[in-house]
Amino acid sequence: MARMTRREVIKAGVAAGALVGLGEMPLKAETRTATDWVTLGKSDVKVTRLAFGTGTFSGQVQRGLGQEEFTRLVRYGYDHGIRFFETAETYGDMHKMLGIALKGVPRDSYRLMSKVTTHADGDPQVKIDELRKLAQTEYFDVMLLHWQHTPGWPQESKAWEDGILAAQEKKVVLSHGASVHGLPALRKVPGNEWLEIAMIRMNHKGAHMDSEDFNNDKHGNVNEVVSHVKQVKSEGMGVISMKLIGEGTFGREDRQKAMKFAFRTAGVDAVTVGYKNTGEIDEAIANANAALA
């Protein structure tokens, strides 16, 4: 066997050392983006981190666009990677407008979330079927109990909880949860075994966030809200944040800070923002990408 020269031995040693060093170096974390698909907690539903909201001032802004412009905006968001759309029974015609806007788009290529108002005399099956028909969809990926704002909501909405579970058995709803308003209601989210997903108000300033009074439109208790988010996340619950831009009151700098706060400090899974033009979609994607970088 040929003997290696001294120079060849040294070169081989340097190369081996370099390989060892590479093995010890931490791998670069994969870049996270606004349009990544993420699983919402213990549910099996995956959504994009950034959602397309249709409830700005209860849908007034989106309805005001008219169907043609709204459809154009929805398709713009879809083409730019936003594949998570959310609406609610109380947003006027938004189920119908969203159904028209998404008509012809492959249903398995996007996720759809709705929220039902838990009227005491309502029939969950009838209401869910009505909303499915309006939205022109066979199923909702996520169905939430809307505007749960009293400390007794888990018991008060029991019929709706059971109704959504029955709809889930029939595959017309794939996962479930609740949107909450006010600290007394939010405090009932941790430890709630029925919940798979929680929709919680979140921004760095506490604007339109949860306080002792669910009707508070000023400033909420940011620290307590974040602590509840972290607790429910540790329990395996998915968290979607709303009121991210202070119900439209934030300037660009605060919109950027709010996005960073939601993802980096609170650690939510996804955020929903309402849009009225393509520039707002572009900005929200850029803000989320920066927050996730």
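Everything below is about the structure printed above this text.
These numbers come from a predicted model, not from an experiment.

## Observations concerning the packing of helix α4 (residues 94–101) against helix α5 (residues 124–135)
Packing of α4 against α5 brings their axes to within 7 Å, and their N-to-C directions diverge by 40°. Relative to α5, the element α4 is oriented oblique. The residues of α5 that touch α4, namely those facing His-95, Lys-96 and Gly-99, are Leu-131, Leu-134 and Ala-135. The residue makeup of the contact of α4 with α5, split by class, is three nonpolar, two polar and one charged.

## Examining helix α11 (residues 278–292)
Helix length check: α11 (15 residues) gives 21 Å between terminal C-alpha atoms against 21 Å at 1.5 Å per residue, within 8%. Restricting attention to buried positions, one finds in α11 the residues Ile-281, Glu-283, Ala-284, Ile-285, Asn-287, Ala-288, Ala-291 and Leu-292. Summarising the contacts, the buried residues of α11 are in contact with β3 (50–53), α3 (66–79) and α10 (252–266). Here α11 starts with a cap whose side-chain oxygen sits 3.1 Å from the backbone nitrogen of Gly-279, and that cap is Asn-277.

## Observations concerning the environment of Thr-272
Of note, Thr-272 is situated in strand β10 (residues 270–274). Sequence-wise, Thr-272 and Phe-85 are 187 residues apart; in three dimensions their C-alpha atoms are separated by 8.5 Å. Every residue in contact with Thr-272, bar those within four places of it in the chain, is listed here: Ala-51, Phe-52, Gly-53, Glu-86, Met-199, Ser-241, Met-242 and Leu-244. Engagement of the side chain of Thr-272 in a polar contact is seen with the side chain of Glu-86, the distance being 2.8 Å.

## Regarding the pattern of salt bridges
In total, this model carries 18 salt bridges according to the counting rule given. Here Glu-89 ties to Lys-127 by a salt bridge, and the two come within 3.1 Å at their closest N and O atoms. Note that Glu-89 is positioned in the loop between β4 (84–86) and α4 and Lys-127 in helix α5, a separation of 38 residues in sequence. Accessibility assignment for this pair places Glu-89 and Lys-127 in one class, buried. Here Lys-158 makes a salt bridge to Asp-162, at a shortest N to O gap of 3.0 Å. In this pair, Lys-158 and Asp-162 are both assigned in helix α7 (residues 158–169), four residues apart and thus about one turn of the helix distant. Judged by relative accessible area, Lys-158 falls into the partly exposed class, the value being 42%. Overlapping salt bridges bring together Glu-89, Lys-127 and Glu-130 as one network.

## Examining the nonpolar core
Among the nonpolar cores identified, the biggest contains 70 residues, and Leu-50, Phe-52, Phe-85, Val-189, Met-202 and Tyr-275 are the most heavily contacted of them. Setting aside residues no more than four positions away along its own chain, Tyr-275 makes contact with Leu-50, Ala-51, Phe-52, Gly-53, Thr-56, Gln-62, Leu-65, Leu-73, Ile-82, Glu-280, Ile-281 and Ala-284. With 14 residues, the next largest nonpolar core counts Val-47, Phe-84, Met-199 and Met-242 among its residues.

Cut-offs applied
- Residues numbered from 1 in each chain as written.
- Predicted model: local features only at pLDDT ≥ 70, side-chain atom pairs only at ≥ 80, totals over all residues.
- Heavy atoms only, no water.
- Axes fitted to C-alpha atoms, helices over the stretch in contact; angles between N-to-C directions.
- Helix = DSSP H or I, 4+ residues; strand = E, 2+ residues; numbered from the N terminus.
- Parallel < 35°, antiparallel > 145°, perpendicular 65-115°, else oblique.
- Contact = heavy atoms within 4.5 Å.
- Nonpolar A, V, L, I, M, F, W, Y, C, P; charged D, E, K, R; others polar.
- Expected span 1.5 Å × (residues − 1).
- Buried < 20%, exposed > 50% of the residue type's maximum accessible area, 1.4 Å probe, protein only.
- Polar contact = N/O pair within 3.5 Å; in protein donor to acceptor, adjacent residues only side chain to side chain.
- Salt bridge = Lys/Arg side-chain N within 4 Å of Asp/Glu carboxyl O.
- Core = buried A, V, L, I, M, F, W, Y, C linked by side-chain atoms within 4.5 Å.

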